[in-house]
Each structure stands twice: as structure tokens, then as C-alpha cells.
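Breakdown of the fold
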Amino acid sequence: MDAEAKIIEATQTVICRNGLSSLSIQRIADELDQSKSAVYYHYDSKHDLIINFLDHLHAQLKETIRCVDNDNPKKAVEDLVFELGSIETEDERNLRMAIMSLQAEAPHDEDIARRFKAIEQTVNDTFADLFSSLGVDEPERVAALTVAVIDGVVNRSLSYEVAEKNEVVLESFLQRFI
């Protein structure tokens, strides 16, 4: 693993362990047992690091999507809905909280906004393709609705932990559309 990948991995570890508000170049350096200058060698600022971290998350999402069984679009939709809409661990919860915090920055930061738009486009396009394969009417609209439902379920989970109700919401949604 190259140095930049290690820094991104350490960034994710720090965020998962302590949340976005605790993210600093020093904490990342401490996680790596390196100096701050070693991190700054690869990233000019915390902002650059966050942008690269979002790019990393987008790449992970694409890999998750790539691993979905496109030969069975119904199962692929179900798997993706639950993969994107479920929060299983405390680390995942902390990561999703950090993502939510970064999304709140998007109206004020064009670079962050651009990354989140690209991520959403990837998810929308994936669901639209799958719904089209299933013969669903207006697959783009159903894809957009799917993303909105997933976002709502995740937001509820992060805001006031209603995991058991969220599973019912996702299952009901899937029953209606596939």
C-alpha cells in the first residue's frame, strides 16, 4: 500500500473512531506513527485530504456496485438497498455521521458538493439500470426515489436510531417496486 493510501486509510480510521470533528492532520499522523510533515508531503491541507477521502469513498462505492450480481437485477437491487441503507457497526455509524457532516458543508464548498453529486449520480445510474432491466416504468424516477428512501433511512438511523423500523421501511419499499 502506498503512502497516500495509508493516509486515506488512517483518515477513515480516525473518523470512524472519533468522528469528523476530531479529524486533524496531527491525529492522522499519530495514527500512522508519522510526523505531520509526512502527511503534508502528500496533501497540502486538511481540505485536500478530505477531498481525496471523498474520492476514496466514491471508489469504494463503485467497487461495491461492481461486485453486485447484475445477472440477477432483483437481487442486485435488494442487496444494494440494504448495503447502502443499513448501518451495522459503530465504526460504520461514525463514518456515516462524518459523511453527513461533510454533506452539510457541500452548500459552502464547491469541491465537496461536486464529489457528493458524483457519488449520487453513480448510485442513481446504477439503480436506474437495474430497474430498467426489471422492466420498471420510469426507472430513473424510481432510482431517484430509491436513493431518497435510502438517504432518509440512514438519516433516521443516525439521528435517533430506529434500525428495526428502517428495515421494515426498506423491505416495504422493495416489495412495492420489485
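Residues numbered from 1 in each chain as written. Predicted model: local features only at pLDDT ≥ 70, side-chain atom pairs only at ≥ 80, totals over all residues. Heavy atoms only, no water.

**So, the overall build of the protein chain**
Broken down by element type, the protein chain carries nine helices and zero strands. Order of helices (α) and strands (β) in the protein chain, N terminus to C terminus: α-α-α-α-α-α-α-α-α. Taken along its principal axes, the extent of the C-alpha atoms in the protein chain is 55 × 30 × 30 Å. With 178 residues in all, the protein chain has 41% of them scored as buried. Residue pairs at least 24 apart in sequence account for 61% of intrachain contacts in the protein chain once pairs closer than 6 positions are excluded. (Helix = DSSP H or I, 4+ residues; strand = E, 2+ residues; numbered from the N terminus. Buried < 20%, exposed > 50% of the residue type's maximum accessible area, 1.4 Å probe, protein only. Contact = heavy atoms within 4.5 Å.)

**Remarks on the environment of Arg-156**
Considering the arrangement of structural elements, one finds Arg-156 in helix 8 (residues 139-160). Residue Arg-156 is classed as partly exposed on the basis of its relative accessible area of 25%.

**Side note on the nonpolar core**
One finds Ile-28, Ile-112 and Phe-127 to be the most contacted residues of the largest nonpolar core, which totals 53 residues. Counting residues per element, the ones that place at least two in this core are helix 1 (3-18), helix 2 (25-32), helix 4 (46-66), helix 5 (73-85), helix 6 (90-105), helix 7 (110-133), helix 8 and helix 9 (163-177). Looking at which element gives the most residues to this core, the answer is helix 7, with nine residues. Once you skip the residues sitting within four places of it in the chain, Phe-127 turns out to touch Val-77, Leu-80, Val-81, Leu-84, Ala-143, Thr-146, Val-147 and Ile-150. (Core = buried A, V, L, I, M, F, W, Y, C linked by side-chain atoms within 4.5 Å.)

**Focus on the confidence of the model for the protein chain**
Confidence along the protein chain averages 91 in pLDDT terms, with 98% of residues attaining 70 or more. Per-residue pLDDT, averaged within each element of the protein chain, yields its smallest value for helix 9 (82) and its largest for helix 7 (96). (pLDDT = per-residue confidence, 0-100.)

**Side note on the pattern of salt bridges**
All told, the structure shown has eight salt bridges when counted by the stated rule. Here Asp-55 ties to Arg-115 by a salt bridge, and the two come within 2.8 Å at their closest N and O atoms. Of this pair, Asp-55 sits in helix 4 while Arg-115 sits in helix 7, placing them 60 residues apart in sequence. On the basis of relative accessible area, Asp-55 is assigned to the partly exposed category, the value being 33%. Salt-bridge contacts for Arg-96 lead to Glu-92; the nearest nitrogen and oxygen are separated by 3.5 Å. In this pair, Arg-96 and Glu-92 are both assigned in helix 6, four residues apart and thus about one turn of the helix distant. Residue Arg-96 is classed as buried on the basis of its relative accessible area of 16%. Classification of Glu-92 by relative accessible area gives partly exposed; the value is 22%. (Salt bridge = Lys/Arg side-chain N within 4 Å of Asp/Glu carboxyl O.)

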